[in-house]
Amino acid sequence: MAYSDKVIDHYEHPRNVGRLDDKADNVGTGMVGAPACGDVMRLQIQVDDNGIIEDAKFKTYGCGSAIASSSLLTEWVKGKSLDEAAQIKNTEIAEELALPPVKIHCSVLAEDAIKAAVKNIREKRGEEAEQAAG
Amino acid sequence: MKLPIYLDYSATCPVDPRVASKMAEQLTMEGNFGNPASRSHLYGWKAEEAVEDARRHVAELINADPREIVWTSGATESDNLAIKGAAHFYQGRGKHIITSKIEHKAVLDTCRQLEREGFEVTYLNPKEDGIVYPEQVAEAMREDTILVSLMHVNNEIGVINDIAAIGELCRERKVIFHVDAAQSPGKIDIDLAEMKVDLMSFSAHKIYGPKGIGALYVRRKPRVRLEAQMHGGGHERGMRSGTLPTHQIVGMGEAFRIAKEEMADEAKRTLALRERFWSQISDMEEVHINGSAEQRVPGNLNVSFAFVEGESLIMSLKDLAISSGSACTSASLEPSYVLRALGVNDELAHSSLRFSFGRFTTEQDVDTAAKEVRKAVEKLRELSPLWDMYKDGVDLSTIEWAAH
């Protein structure tokens with residue numbers, strides 16, 4: 001099948017590949033997907049004292065579109081607040097990468113990954129209660 | 001070197017140039033263009049002669065009588081004709097059919113259709129090595145079993161079934177035995193004087209002939225009857241009507257003739273290529289061959305590269321023309337049903353590639369391919385969270401994944 005130039009670019013030159021210390025207080029980890037389904041994404045964000053994402057890393061097991069979706073996401077979340085990051089929609093990713101309909105699930109997975117990472121860091125920072133109250 | 005390197009001979013083969021030139025002679029005014037069914041003039045007689053020569057070449061490779069060969073449009077049609085034709089003809093005796101879970105879709109979907117018509121089908125599960133054993137077939141036999149349909153060589157994993165032994169036990173019980181042999185002629189011996197096979201499907205394009213032509217072997221002694229699926233001018237003794245495509249048939253005949261002459265050497269050469277390839281990748285960690293390593297055709301290697309996904313692997317290997325056991329491009333995200341039936345876990349099934357080597361593969365092709373594969377697997381493992389976990393000693397099967 002034909003991939004868009006942007007998917008190929010991210011696939012061939014993935015941004016921010018790597019791993020942050022998932023035990024660190026300022027690192028949130030989102031791991032979504034399942035090997036049986038053919039894709040697993042691990043997205044990690046490192047947050048500064050003001051709640052701004054200062055670094056993001058990913059590793060993805062999956063097709064080219066899944067790798068590109070997570071690579072793009074790491075670029076997008078850097079410099080964003082947790083709230084802003086959690087609002088990224090899969091449709092924006094799909095549109096940016098021109099994903100065909102059969103690959104939309106890759107962008108959904110990327111959205112799930114950032115939401116899970118944000119949830120994880122918020123739990124670490126004890127923001128859950130605050131969220132619920134707010 | 002022509003890029004991408006073609007390593008997908010199990011999907012189809014290029015037509016051998018010797019075959020192509022013979023085919024070209026059957027088309028134009030100057031050539032042998034006649035209708036083989038025309039009985040009233042020389043053009044028809046010459047075309048008929050060419051068709052009968054081809055029939056003899058096909059029969060010779062499989063040690064059959066030329067009168068047992070029925071031309072079809074390919075193995076899919078042969079499978080349909082054999083299974084529906086026999087089931088319909090013999091349904092008075094019973095309505096039970098035995099096949100396996102790893103048959104080609106041409107067999108599986110035909111069986112599904114017969115189920116809708118009221119037949120009952122048992123789908124045998126192959127063993128871990130991909131082989132369906134004769135004792136499994138014997139156990140599944142019932143009083144009302146009329147037909148067993150099993151493949152000779154599996155298209156994905158290249159594993160060979162013991163057709164001779166299964167034939168014996170079908171014959172003992174007077175059950176019709178159909179074999180889908182799309183993948184085996186020219187690669188391994190087929191001797192239908194010895195093997196008790198009643199119906200056998202063939203394709204030309206897997207053996208360096210053209211696409212769009214195949215044949216069904218229909219045994220004469222003991223005679224096997226079929227209900228025709230295509231009605232018309234009564235060609236092919238009423239079993240398959242339709243004007244015979246002389247150029248296609250001559251192509252198939254020539255391909256089978258060449259195969260008979262060259263298969264012994266070709267099998268050796270192809271096996272050497274496969275071993276050369278495997279020796280260059282087998283030292284990598286967590287690389288597994290799917291299906292029996294011994295009981296398989298020389299040209300096939302189906303390998304799982306754990307912790308990398310097949311489709312992305314193929315994307316990295318753009319200089320190689322290969323196929324993946326992962327069907328991630330389909331909306332279902334289902335990995336290969338063949339690998340699943342072998343008990344290969346979904347993750348490894350998603351990580352599998354099929355390499356198939358053939359007549360025009362060179363040592364240089366194989367060496368380049370092996371190098372590319374190593375590079376791609378290493379790159380994608382660097383990107384893979386599963387590889388990290390494996391390296392950290394995490395057992396992936398203990399993790400509860402959220403299926404999506």
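Everything numeric in this text was worked out from a predicted model, so none of it was measured.

## Section: the nonpolar core
Link 1 in the chain: I114(A) and Y217(B) are the most contacted members of the largest nonpolar core, which has 151 residues in total.
Link 2 in the chain: Domain assignment of the residues forming this core places at least three in each of domain 1 (5-10 + 263-391) and domain 2 (17-259) of chain B.
Link 3 in the chain: Ignoring sequence-local partners within four residues, the contact set of Y217(B) consists of I62(B), A64(B), E68(B), I69(B), L192(B), L199(B) and M200(B).

## Overview of the domain arrangement of chain B
Residues and elements named next belong to chain B.
Link 1 in the chain: Here the domain parsing of chain B yields domain 1 (5-10 + 263-391) and domain 2 (17-259).
Link 2 in the chain: In this complex, domain 1 contributes 21 residues to the contact, which on the side of domain 2 involves 23 residues.
Link 3 in the chain: Among the elements of the structure, α7 (246-281), β10 (300-305) and α9 (337-341) are those that each provide at least two residues to the side of domain 1 that touches domain 2.
Link 4 in the chain: Split by residue class, the side of domain 1 that touches domain 2 holds seven nonpolar, 11 polar and three charged.

## Concerning helix α2 (residues 64-77) of chain A
All names here are of chain A.
Link 1 in the chain: End to end, α2 covers 20 Å across 14 residues, agreeing with the expected 20 Å (1.5 Å per residue, within 8%).
Link 2 in the chain: Regarding α2, the residues found buried are G64, S65, A66, I67, A68, S69, S70, S71, L72, L73, T74 and V77.
Link 3 in the chain: Following α2 by one or two positions, G79 adopts a phi angle in the positive range, close to 90°.

## What to know about the pairing of strand β2 (residues 69-72) of chain B
Residues and elements named next belong to chain B.
Link 1 in the chain: Residues I69 and W71 point to one face of β2 and V70 and T72 to the other, with burial holding for every one of them.
Link 2 in the chain: Inspection of the sheet shows β2 paired to strand β8 (residues 214-218) by four bridges, in the antiparallel sense. Counted as the bridge partner of V70 is L216 from β8.

## Some words on the sheet that holds strand β7 (residues 199-203) of chain B
Sheet strands line up and pair through hydrogen bonds in the backbone, either parallel or antiparallel.
Residues and elements named next belong to chain B.
Link 1 in the chain: Read across the open sheet, the seven strands follow the order β2-β8-β7-β6-β5-β3-β4; overall the sheet is mixed. Among the strands making up the open sheet, the edge pair consists of β2 and β4 (120-124). Adjacent strand axes in the sheet meet at a mean angle of 20°, parallel and antiparallel pairs treated alike.

## Some thoughts on the interface of chain B and chain A
Link 1 in the chain: Counting residues at the interface gives 25 residues for chain B and 25 residues for chain A.
Link 2 in the chain: Of all the elements in the fold, those that place two or more residues in the side of chain B that touches chain A are α8 (310-316), α10 (346-350) and α12 (385-391) of chain B.
Link 3 in the chain: Classifying every residue of the side of chain B that touches chain A by side-chain character gives 14 nonpolar, six polar and five charged.

About the cut-offs
- Residues numbered from 1 in each chain as written.
- Chains lettered and ligands numbered in written order.
- Predicted model: local features only at pLDDT ≥ 70, side-chain atom pairs only at ≥ 80, totals over all residues.
- Core = buried A, V, L, I, M, F, W, Y, C linked by C-beta atoms within 7 Å.
- Buried ≥ 20, exposed ≤ 12 C-beta atoms within 10 Å, placed from the backbone.
- Domains from an automatic or database assignment.
- Contact = placed C-beta atoms within 7 Å.
- Helix = DSSP H or I, 4+ residues; strand = E, 2+ residues; numbered from the N terminus.
- Nonpolar A, V, L, I, M, F, W, Y, C, P; charged D, E, K, R; others polar.
- Expected span 1.5 Å × (residues − 1).
- Pairing = 2+ DSSP bridges.
- Axes fitted to C-alpha atoms, helices over the stretch in contact; angles between N-to-C directions.

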